[in-house]
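Architecture at a glance
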Amino acid sequence: MSTHLRRIATEEAFSIPEVAAELQKVVRGPSSSLDKLLVKGIYDHSSGDPGYGRMNFLDGLLDIEQRRLAEMDALGVDMHLLSLTAPGVQMFDADAATELATLANDRLADVCRRHPTRFAGLATFAPQSPKRAVKEMERAIRGLRLNGFILNSHTHGEYLDDPKYWPVLEAAEALDACIYIHPRAASDGLKGPLQDYGMDSAMWGYGVEVGTHVVRMMAAGVFDHFPKLKICIGHMGEAIPFWIWRITFMNSRAQNIGRAPRTKLSMAEYLQRNFVVTTSGVEDPLALDYTIRKIGIDNVLWAIDYPYQPQKPAVDFMDSAPVTESQRAQLYHGNAERIFHIAPLATRAARQTAQRT
Ligand code: 1WB
Ligand code: MN
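Residue positions within a chain follow its written sequence, with the count starting from 1. By the order in which they are written, chains take letters starting at A while ligands take numbers starting at 1. In keeping with the predicted nature of the model, local features appear solely for residues at pLDDT of at least 70, side-chain atom pairs appear and are counted solely at 80 or more, and the whole-chain, interface and lining totals rest on all residues. With hydrogens and water excluded, all non-hydrogen atoms of the structure serve as input to the side-chain values.

**As for the overall build of the chain**
Only DSSP runs of H or I covering at least 4 residues are called helices, and only runs of E covering at least 2 are called strands; the numbering of each starts at the N terminus. Across its full length, the chain holds 17 helices and 8 strands. As a reference, a globule follows 2.2 Å times the number of residues to the power 0.38, and the radius of gyration itself is taken over C-alpha atoms. Relative to the compact-globule value of 21 Å for 357 residues, the chain shows a C-alpha radius of gyration of 20 Å, a close match. When its C-alpha atoms are laid out on the principal axes, the chain stretches across 60 × 50 × 40 Å. Contacts were defined at the residue level, with two residues in contact if any of their heavy atoms lie within 4.5 Å. Sequence-distant contacts, at least 24 apart, represent 77% of the contacts inside the chain between residues at least 6 apart. As displayed, the chain offers around 15800 Å² of accessible surface, 56% of which is attributable to carbon and sulfur atoms. Only four residue types enter the tally: Lys and Arg on the positive side, Asp and Glu on the negative side, with His and both chain ends excluded. Charged groups are reduced to one reference atom each: NZ for lysine, CZ for arginine, CG for aspartic acid, CD for glutamic acid. Each charge class in the chain was averaged separately, 39 positive and 42 negative side chains, and the resulting centres sit 4 Å apart. Note that accessible areas follow from Shrake-Rupley with a 1.4 Å probe, and for residues the cover is restricted to the protein chains shown.

**What about the pattern of salt bridges?**
Any carboxyl oxygen of Asp or Glu within 4 Å of a side-chain nitrogen of Lys or Arg constitutes a salt bridge here. The full count for this structure, using the stated rule, is 17 salt bridges. Residue Arg 107 is joined to Glu 18 by a salt bridge in which the shortest nitrogen-to-oxygen separation is 2.7 Å. Of this pair, Arg 107 sits in helix α6 (residues 94-114) while Glu 18 is found in helix α1 (residues 17-28), placing the two residues 89 residues apart along the sequence. Among the residues examined, Arg 107 registers a relative accessible area of 33% and is labelled partly exposed. A salt bridge links Lys 191 to Asp 188, with the nearest nitrogen and oxygen atoms 3.6 Å apart. When a residue's accessible area, from a 1.4 Å probe over protein chains only, is under 20% of the maximum for its type it is buried; when over 50% it is exposed; and in between it is partly exposed. Residue classification places Lys 191 among the buried residues on the basis of a relative accessible area of 14%.

**Re the coordination of the manganese ion (ligand 2)**
Counted as donors are N, O and S atoms no farther than 2.8 Å from the metal, or 3.2 Å for Na, K and Ca; water is not among the atoms, and sites may therefore look incomplete. Every protein donor of the manganese ion (ligand 2) is listed here as Glu 11 (OE), His 182 (NE2) and Asp 305 (OD), and their distances to the metal cover 1.9 to 2.2 Å. Donor residues for the manganese ion (ligand 2) sit on one chain with the sequence pattern E-x170-H-x122-D. Remark: Asp 305 occurs in the loop between β8 (300-301) and α15 (311-319) and His 182 occurs in the loop between β5 (179-181) and α9 (205-220); sequence separation between them is 123 residues. Accessibility classification places His 182 together with Asp 305 in one group, the buried group.

**Observations regarding the state of the cysteines**
Put simply, a disulfide is two cysteine sulfurs that come within 2.5 Å. Applying the stated criterion across every chain yields a total of 0 disulfides. Just so you know, Cys 112 is unpaired, no disulfide at all, and the nearest cysteine sulfur is the one on Cys 178, 16 Å from it. Cys 232 forms no disulfide, and the closest cysteine sulfur to it belongs to Cys 178, at a distance of 5.1 Å. The class of Cys 232 is buried, set by a relative accessible area of 0%.

**A look at the nonpolar core**
To qualify as a nonpolar core, a set must consist of buried Ala, Val, Leu, Ile, Met, Phe, Trp, Tyr and Cys residues joined through side-chain atoms within 4.5 Å. Ranked by size, the top nonpolar core spans 100 residues in total, and within it Phe 149 and Ile 179 carry the most contacts. Among the elements that line this core, the one with the most residues is α6, at 8 residues. Among residues more than four places away in sequence, those in contact with Ile 179 are Phe 149, Leu 151, Val 168, Leu 169, Ala 172, Leu 229, Lys 230, Ile 231 and Cys 232. Counting residues in hydrophobic clusters, the runner-up holds 15 residues, among them Ile 8, Cys 232, Ile 339 and Phe 340.

**Observations regarding the sheet that holds strand β4 (residues 149-151)**
Consider a sheet: its strands pair through backbone hydrogen bonds, and that pairing is either parallel or antiparallel. Pairing between strands is defined by DSSP: at least two bridges between them are needed. The parallel open sheet is built from 5 strands, whose spatial order is β4-β5-β6-β7-β8. In this open sheet, the two edge strands, each paired with only one partner strand, are β4 and β8. In this structure, strand β7 (residues 275-278) lies alongside β8, joined through 2 bridges in parallel fashion. The residue of β8 that forms the bridge with Thr 278 is Leu 301.

**Thoughts on the environment of Asn 256**
By the element assignment, Asn 256 lies in helix α12 (residues 240-256). Taking relative accessible area as the criterion, Asn 256 reaches 54% and is therefore assigned exposed. Polar contacts, as used here, are pairs of N or O atoms within 3.5 Å; protein pairs need one atom able to donate a hydrogen and one able to accept it. Residues neighboring in sequence count only if both atoms are side-chain atoms. Separated by 3.2 Å, the side chains of Asn 256 and Arg 262 make a polar contact.

Coordinates in, geometry out; function isn't part of it.
Given below as structure tokens:
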């Protein structure tokens, strides 16, 4: 007898036509951002760019209830925790970004309401205007009942250690809502040697960008101000779990010689207390085993990274991961339910159904 484990995938991308249209304008505009390469491939098929366009991620992003849901059914994927795909609204000016974030959140909430056991959602917000972002964050959690937040790393080259963004962190902490820091291409200051050989992408640049972002936050002492803030990072922790011993050792040295601010806790302690990681796009059992042992089974969540990663291999990976069945249940759904406030299927009826299958 095998019981079906509820499968909640936690880094699943979508878009809406209005955001896609605005990104097409960015492609044709003067921005020198490294994101243009990616955005051009996905949104501007007229360019004849043979790269991403041919893979047609855009169809997968714009569709939620048709092909995506059918494929989820076929594979036994119970739920996608949806988030507006990178770079979200973060390349737009403050007014357009704020307006589009509201629209995207409304659409997302609609689809979650139509399919409450199949879709949950991370709300987007426009850090360009922290004050209005806080209002939208409150509306998204209290009003729309969304499950947390997505932030696509830097905003115009700035990171969340900058105190101007702390109202956003304060709001997330007060709302008990986790912020998923998702990659986008490296900021202008970081992009130099990442521009060749496709290294701007998920191959390398994305991880460097998000890793840099969260190390800035830890080393700045952000988590002394917001001790209950939860940050989620994908891609098996963007290499941070692997680096954390050295980050901790060298940060302590930097503190001792006055090159880094004093913090109440060590970098390793912040990683344990304030972070969770997902398995998106890293289907490597050794990396999973290491990450679980390093940051704890409670802090690792399953993700696919649809449509950028195919769904079936992500399911096969977790089905065959070298963990106990109770650990597999935590990875597949228990931790996601706790971190993102997704209602567990805990009714007696659901338990009996599960036992019967
Ligand atoms: C890719 C991956 C492209 C992600 C993306 O564009 C996003 C890629 C927004 O694999 O090329 C992602 O979310 O991991
Ligand atoms: Mn992703």
